[in-house]
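# Inside the fold
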Amino acid sequence: MEVICWIRHRLKSLFFIRLFYSREQKGVTAFIFGGSVAKGMERADSDLDGMAVVSQREFKYREQHNELTEVIQGKCIYEGGYFDVKYITKDFLKAAAQKGSEPTRNSFYRARVMFSDDPEIPDLVTKIAAFQEDSDISVVSGRYQLDFEKWWYIPRPLVGEW
């Protein structure tokens, strides 16, 4: 029962943030829900992550005023809940869909467009998360091999011989 309440609270919170960005925040053309909760990997204390798509002009303004990220409290209906929002542009989404790094692509895995005034944005979000068939798999597998080797060799002396 507790898990059902937990899910219900997050869904209601997403409904409220969707309304906030679609009606109250001028200049936001789309809101994308992502992060651990969207991926189904959340913990009880997980925040809700989102990306607000804004115009180039709005992005430049926010960049000049150091406002490209924002923590929004008071829109989540569960204790300790908050939104962690990053401001991005459609040009960023286009570039990420064409040549995004694996970490960038992973940040859009299972992301959901909560609302969009631009019909191209949902398709861009889907393309970003897709594995790139034409990418150099040796680079990707090499990067993950290095990560695996770091995990395997570094902890071993700390836990003793197996």
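A brief structural summary. (Residues numbered from 1 in each chain as written. Predicted model: local features only at pLDDT ≥ 70, side-chain atom pairs only at ≥ 80, totals over all residues. Heavy atoms only, no water.)

### Some details on the overall build of the protein chain
- Looking only at helices and strands, the protein chain features eight helices and five strands.
- Mapped from its N terminus to its C terminus, the protein chain presents α and β elements in the order α-β-α-β-α-β-β-α-α-β-α-α-α.
- Counting across all 162 residues of the protein chain, residues that qualify as buried make up 35%.
- Here the contacts in the protein chain between residues at least 6 apart in sequence split such that 66% fall between residues at least 24 apart.
- Accessible surface computed for the protein chain: about 10,700 Å², of which carbon and sulfur atoms make up 55%. (Helix = DSSP H or I, 4+ residues; strand = E, 2+ residues; numbered from the N terminus. Buried < 20%, exposed > 50% of the residue type's maximum accessible area, 1.4 Å probe, protein only. Contact = heavy atoms within 4.5 Å. Areas by Shrake-Rupley, 256 points an atom, 1.4 Å probe, with all protein chains shown as cover.)

### Observations concerning the environment of Phe33
- Its location among the elements puts Phe33 in strand S1 (residues 28-34).
- Looking at Phe33, the relative accessible area reads 3%, which means it is buried.
- The spacing of Phe33 and Phe108 is 75 residues in sequence and 8.8 Å in space, taken between C-alpha atoms.
- Ignoring anything within four residues of it in the chain, the contact list for Phe33 reads Leu14, Ala38, Leu48, Asp49, Gly50, Ala111, Arg112 and Met114.

### Comments concerning the packing of helix H4 (residues 90-99) against helix H6 (residues 121-129)
- Between H4 and H6, whose axes approach to 8 Å, the crossing angle comes to 35°. Taken as a pair, H4 and H6 cross one another with a handedness that is left-handed. In this structure, H4 contributes Lys90, Leu93, Lys94, Ala96 and Ala97 to the contact, and H6 contributes Ile121, Leu124, Lys127 and Ile128.
- In the contact of H4 with H6, the residues fall into six nonpolar, no polar and three charged. (Axes fitted to C-alpha atoms, helices over the stretch in contact; angles between N-to-C directions. Left-handed = near helix turned anticlockwise from the far one by under 90°. Nonpolar A, V, L, I, M, F, W, Y, C, P; charged D, E, K, R; others polar.)

### Some words on the nonpolar core
- With 18 residues, the main nonpolar core has Phe31, Phe33, Phe83 and Val85 as its most contacted residues.
- For this core, the secondary-structure elements that each account for two or more residues are helix H1 (2-24), S1, helix H2 (35-39), strand S2 (48-54), strand S4 (83-89) and strand S5 (112-116).
- The next biggest cluster of nonpolar side chains, apart from the first, holds 14 residues, and it includes Ala96, Leu124, Val125 and Ile128. (Core = buried A, V, L, I, M, F, W, Y, C linked by side-chain atoms within 4.5 Å.)

### A few points about the side chain of Asp118
- Structurally, the position occupied by Asp118 is in the loop between S5 and H6.
- Setting aside anything within four residues of it in sequence, one finds Asp118 in contact with Thr29 and Lys90.

### Overview of the pattern of salt bridges
- Enumeration over the complete set of coordinates arrives at six salt bridges.
- The salt bridge involving Arg62 is made with Glu58; its shortest N-O contact spans 3.1 Å. On the criterion of helical spacing, the pair formed by Arg62 and Glu58 is a turn pair, its members being four residues apart in helix H3 (residues 56-64).
- Accessibility expressed as a relative area gives 11% for Arg62, which makes it buried.
- Between Lys127 and Asp123 there is a salt bridge, with its nearest N and O atoms 3.2 Å apart. One end of the pair, Lys127, and the other, Asp123, are both in helix H6, four residues apart, so they sit about a helical turn from each other.
- Salt bridges linked by common partners bring Lys90, Asp118 and Glu120 together as one network. (Salt bridge = Lys/Arg side-chain N within 4 Å of Asp/Glu carboxyl O.)

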